[in-house]
Amino acid sequence: MFLHSARHAWAGKPARNAACALLTALLTFPALADHRLPGGHVGSIDDHGKNAFSLPAPGLNDEQKTTFVIGNSFFKKAWVAAPASTTARDGLGPHFIARSCGACHLLDGRGAPPPAPQGISTEQPMALLIRLSIPGRAADGGPLPEPSYGGQFNNDAIPGVKPEGKVLIHYDELPGQYADGEAYSLRKPRYTLTDLGYGDLHPKVQLSPRVAPHMVGLGLLEAIPEATVLAHAERQKREGKGIAGQPNRVWDAYANRHILGRFGWKANVGSIAHQTGGAFHGDIGITSRHFPEQDCMPSQQDCLAAIEGGKPEIDDRRLSQVIFYSQTLAVPTRREPDHPEVKRGEVLFHAGQCASCHVPSHVTGPHPDIPQYAAQTIWPYTDLLLHDMGEGLADHRPDFEASGRQWRTPPLWGLGLIKTVNGHTTLLHDGRARDFAEAILWHDGEAAFSQTYFRTLSKTDRAALIRFLEAL
C-alpha cells in the first residue's frame with residue numbers, strides 16, 4: 001500500500017527523476033530464479049580463479065571433452081613460419097598481429113591496449129587490432145578494404161616481408177564531475193599509423209580499434225533464437241525510451257549467406273565458425289577452406305611471394321576442434337549474489353534502464369553442434385543488438401548494417417573476473433575505460449539516460465551498482 005501511494009504521489013514529478021525510476025524498478029523487478037548459473041545448468045562452472053575463463057562446460061560428454069582439449073591445444077600453441085619441421089603448425093603470416101589465438105585472448109580472457117605512460121603508448125598492441133576500410137561496400141555488403149593495407153592493419157610479419165607499420169596511441173584526459181561534486185577523468189584515444197610499409201593510406205581511410213573480448217559462453221549466445229533477438233528490438237521501440245536496437249545482417253562464409261550478426265564489437269560476425277576462421281586468417285595469417293587466400297593486397301609483392309604452409313594451412317578437422325573449443329568455454333558462476341550491496345546494485349541497474357539493452361536472461365533454442373545447450377536459461381546481459389552510443393564512442397566506420405556510431409551490446413557475464421584472470425580492468429571496444437565507472441560514463445546516444453542516472457547517484461549507490469557488475 002505504501003509503495004502504491006508513493007508511486008501515485010510522485011506521478012507529477014519529472015519522468016526521469018532518479019528516485020521515481022528506482023521505485024519503479026522495485027515494483028517491476030524480475031524474479032532471478034537461475035541467476036546464480038549464468039551459463040545454465042550445462043554451461044556454468046564454479047571457479048573464480050586465474051583459469052575461470054578456460055574451463056569446459058560441465059555438461060559435455062567424454063567425446064566432446066576430448067575435442068575441447070585438442071581445440072585448446074591449437075588455440076594456445078604458437079604458429080611458425082613455413083617451411084618448418086612442425087608442419088601441423090606452420091604457415092604463420094606473411095602479415096600477422098599474433099602467433100596464436102591465446103596471445104590475444106590470454107587465458108581465454110580479455111585483451112587490453114598497451115601501457116601508456118604520460119598518455120602515449122609506443123609499445124605495439126597485440127590484443128588490440130585496427131580495422132581499416134574506405135567509404136563504400138564490398139561485394140558481400142561489408143566494409144570496403146583500404147587499397148594498400150586491406151581490412152586490418154598488421155604490425156608484424158615473417159622474415160623477408162615488411163610489417164605494414166606501427167600503431168601509436170595518444171590519450172587525452174577529459175575531466176568531468178559527478179552531481180555530488182566528485183571529480184573524474186575519462187581518457188580519449190587517438191590513433192596514428194606510422195612507419196607504413198606500403199605507401200600512404202587512402203585519404204578517406206576509416207580506422208576502428210577493437211580489443212579482444214573474453215571468450216566464455218559463446219556457443220550459448222549462438223543458441224539464442226533469432227526471433228528472441230528481433231523481439232527485443234521491437235520491444236525497445238514500443239517502450240519509447242529512446243532506445244532502438246537494430247540487428248545487423250552479415251555475410252557468413254560457413255552458411256554462404258547473410259545471417260544475423262551476433263559477435264564482434266559491431267555484431268559484424270554471425271557464427272563462431274566464421275569468427276574463428278576469420279581470426280586465424282586476419283590475425284595469424286593462417287588460411288583455411290573458407291578463407292583460402294593469403295590476406296595480401298596487390299601492392300604487397302613480398303607478401304604475395306611468401307612461402308605458404310600448405311593449401312589450406314589449417315584443415316577442417318583441426319579448425320573445427322578450435323571452433324568447438326571456442327563454443328564450449330564455461331561461464332563462471334556469479335559471486336555473492338545475495339550480498340546486500342550487490343542486490344542494491346542490481347535494483348539500481350534496472351532503475352537506470354541498463355537492462356533495456358543489457359537484457360539479463362534468455363532461453364536458448366537448439367544448437368546445431370551442441371545438443372546440451374538447448375532449453376537453457378542463461379544470464380549474459382545482452383540483447384545482441386546494435387545501438388547508437390553517441391559521438392564520443394563513434395568510430396565513423398560502418399560495418400554491414402552497423403553505422404559509425406553503433407555498437408553491439410556486449411555481454412556482461414564474467415566481467416568482474418577480468419582483473420583476476422588478466423590483471424587489468426580496461427573496458428569498452430578499445431580499452432579506453434580504465435574501470436566500470438569510466439565505461440558507464442562513456443555511454444551516450446541511446447544510453448544517455450543511463451549515463452546521467454549513474455552520474456547523479458550518490459557515491460554509495462554508485463559503489464553498489466559497480467559492486468553488482470563486479471559480481472556478474
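Everything below is about the structure shown above.
Residues numbered from 1 in each chain as written. Predicted model: local features only at pLDDT ≥ 70, side-chain atom pairs only at ≥ 80, totals over all residues. Heavy atoms only, no water.

Participant: Explanation requested: the state of the cysteines in the structure shown.
Facilitator: Put plainly, two cysteines are in a disulfide when a covalent bond ties their sulfur atoms together. Taken as a whole and judged by the stated rule, the model has one disulfide. Covalently, C296 is tied to C303 through a disulfide, its sulfur atoms 1.9 Å apart. Residues C296 and C303 are joined through a disulfide that is left-handed, its torsion about the S-S bond being -65°. Of the residues examined, C296 reaches a relative accessible area of 12% and is grouped as buried. According to the relative accessible area criterion, C303 is buried, its value standing at 2%. No disulfide involves C101; its sulfur sits 8.2 Å from that of C104, the nearest cysteine. (Disulfide = S-S within 2.5 Å. Buried < 20%, exposed > 50% of the residue type's maximum accessible area, 1.4 Å probe, protein only.)

Participant: Can you walk me through the environment of W413 in this structure?
Facilitator: Tracing the sequence through the fold places W413 in the loop between β17 (406-408) and α12 (418-422). Separated by 22 residues in sequence, W413 and D435 have C-alpha atoms that sit 16 Å apart. (Helix = DSSP H or I, 4+ residues; strand = E, 2+ residues; numbered from the N terminus.)

Participant: So what exactly am I meant to see when it comes to the side chain of N154 here?
Facilitator: Its location among the elements puts N154 in the loop between β6 (152-153) and β7 (156-157). A polar contact of 3.5 Å, which involves the side chain of N154, links it to the backbone oxygen of G282. When near neighbours in sequence (up to four residues on either side) are disregarded, N154 contacts H95, F96, I97, P163, E164, G165 and G282. (Polar contact = N/O pair within 3.5 Å; in protein donor to acceptor, adjacent residues only side chain to side chain. Contact = heavy atoms within 4.5 Å.)

Participant: What is the right way to look at the packing of helix α4 (residues 62-76) against helix α10 (residues 316-327) in this model?
Facilitator: Think of two packed helices as two axes; the pair is described by the angle between the axes and how far apart they sit. It is at 7 Å that the axes of α4 and α10 come closest, and there the two elements cross at 105°. Overall, the two elements α4 and α10 adopt an arrangement that is roughly perpendicular. Listed contacts from α10 to Q64, T67, F68, I70, G71, N72, F74, F75 and K76 of α4 are R318, Q321, V322, F324, Y325 and S326. (Axes fitted to C-alpha atoms, helices over the stretch in contact; angles between N-to-C directions. Parallel < 35°, antiparallel > 145°, perpendicular 65-115°, else oblique.)

Participant: Mind showing me how you'd approach the nonpolar core here?
Facilitator: One recurring pattern in soluble globular proteins: nonpolar side chains tend to sit buried together. Counting 102 residues, the largest nonpolar core has W79, F280, F349, F454, F468 and L469 as its most contacted members. Counting residues per element, this core draws most heavily on helix α15 (residues 459-471), which supplies six residues. Contact partners of F280, with chain neighbours within four places excluded, come to F74, W79, C101, G285, I286, I314, L319 and V322. I97, A127, L129 and A212 belong to the second-largest nonpolar core, a separate cluster that totals six residues. (Core = buried A, V, L, I, M, F, W, Y, C linked by side-chain atoms within 4.5 Å.)

Participant: Would you take a moment to explain α10 for this structure?
Facilitator: An α-helix turns once per 3.6 residues; consequently, residues spaced three or four apart project the same way. Look at α10: 16 Å from first C-alpha to last across twelve residues, which is about the 16 Å you get at 1.5 Å a residue. Looking at α10, one finds that the buried residues are L319, Q321, V322, I323, F324, Y325, S326 and Q327. Buried residues along α10 sit against α4, α6 (218-222) and α8 (272-284). (Expected span 1.5 Å × (residues − 1).)

Participant: Sorry if this is basic, but what is going on with the pattern of salt bridges here?
Facilitator: Think of it this way: side chains of opposite charge can pair up when their charged atoms draw near. Per the stated rule, a full pass over the model turns up 26 salt bridges. The partner of E346 in a salt bridge is R334, with the nearest N and O atoms 3.7 Å apart. Here E346, found in helix α11 (residues 340-351), pairs with R334, found in the loop between β13 (331-332) and α11; they are twelve residues apart in sequence, far enough to count as distant. Judged by relative accessible area, which is 3%, E346 ranks as buried. For R334, a relative accessible area of 6% puts it in the buried group. Through salt bridges with shared partners, one network takes in D180, E182, K459 and R462. (Salt bridge = Lys/Arg side-chain N within 4 Å of Asp/Glu carboxyl O.)

Participant: Before we go on, may I ask you to explain the packing of aromatic side chains in this structure?
Facilitator: Aromatic ring pairs are reported here in terms of the distance separating the ring centres and the angle at which the planes meet. Applying the stated criterion to the full structure yields eleven aromatic pairs. Considering the side-chain rings of F75 and Y325, the 5.2 Å spacing of their centres and the 50° angle between planes classify their relative orientation as tilted. Here F75 is found in helix α4, whereas its partner Y325 is found in helix α10, with 250 residues between them in sequence. Of the two residues examined, F75 and Y325, each falls in the buried class. Ring-pair connections join several aromatic residues into one group, and the members of that group are F68, F75 and Y325. (Phe/Tyr/Trp six-rings, centres within 6.5 Å; stacked < 30°, edge-to-face > 60°.)

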